[in-house]
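For reference, the chains in residue letters:
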Amino acid sequence: MTALEKATGDVVFKFEPFVLHVLCQELQDAQLLHSAAVDSGFRNSGITVGKGGKITMAVRSTHCLEVPLTHKGKLMVSEEYIEFLIHVANRKMEENA
């Protein structure tokens, strides 16, 4: 809260979801990993095939959170709401695990 009171610009509370990139030798390997990731709840996962045939499987969570807290130095939310955001982000971190 002390840092937010001193802010002169825009401050955003941001939680980034889990991301894991895996280089796969075969497309079948990437497909198997993709199925396992989606079945485990990582619904934003995908497979990319590069120009040189490099196959990358990205395991991604959808647990993101981005909320503005200040605008031009003015606090836009209550301390209670910030505590709520911290609770939500911590829960999302546990879900990432």
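Definitions and cut-offs
- Residues numbered from 1 in each chain as written.
- Predicted model: local features only at pLDDT ≥ 70, side-chain atom pairs only at ≥ 80, totals over all residues.
- Heavy atoms only, no water.
- Salt bridge = Lys/Arg side-chain N within 4 Å of Asp/Glu carboxyl O.
- Core = buried A, V, L, I, M, F, W, Y, C linked by side-chain atoms within 4.5 Å.
- Buried < 20%, exposed > 50% of the residue type's maximum accessible area, 1.4 Å probe, protein only.
- Helix = DSSP H or I, 4+ residues; strand = E, 2+ residues; numbered from the N terminus.
- Contact = heavy atoms within 4.5 Å.
- Domains from an automatic or database assignment.
- Polar contact = N/O pair within 3.5 Å; in protein donor to acceptor, adjacent residues only side chain to side chain.

Identification of the chain as tRNA wybutosine-synthesizing protein 3 homolog from Todus mexicanus is taken from an unreviewed UniProt entry.

Okay, the pattern of salt bridges next. Where charged atoms from two side chains of opposite charge come close, those side chains can pair. Evaluation of the coordinates by the stated rule reveals one salt bridge. Among the salt bridges present, the one from Lys 14 reaches Glu 16, with a minimum N-O distance of 3.1 Å.

Counting residues in hydrophobic clusters, the biggest one holds 11 residues: Leu 4, Phe 13, Phe 15, Leu 65, Val 67, Leu 69, Val 77, Ile 82, Leu 85, Val 88 and Ala 89. Listed by contribution, the elements that provide at least two residues to this core are strand S1 (11-15), strand S5 (65-71) and helix H3 (79-96). Residues in contact with Phe 15, not counting those within four places in the same chain, are His 63, Cys 64, Leu 65, Ala 89, Lys 92, Met 93 and Asn 96. Cys 24, Ala 30, Phe 42 and Met 57 belong to the second-largest nonpolar core, a separate cluster that totals seven residues.

What follows covers the domain arrangement of the chain. Buried accessible area, meaning the area lost when the parts come together, often serves as the stated size of an interface. When its domains are assigned, the chain resolves into domain 1 (1-16 + 63-96) and domain 2 (18-61). Computed over C-alpha atoms, the centres of domain 1 and domain 2 are 31 Å apart.

With that settled, the discussion passes to the side chain of Thr 70. In this fold, Thr 70 is placed in strand S5. Judged by relative accessible area, which is 2%, Thr 70 ranks as buried. Of note is the side chain of Thr 70, whose polar atom sits 3.0 Å from the backbone oxygen of Gly 9. A distance of 2.9 Å separates a polar side-chain atom of Thr 70 from the backbone nitrogen of Val 11. Not counting residues up to four positions away in its chain, the partners in contact with Thr 70 are Leu 4, Ala 7, Gly 9, Asp 10, Val 11, Leu 75 and Met 76.

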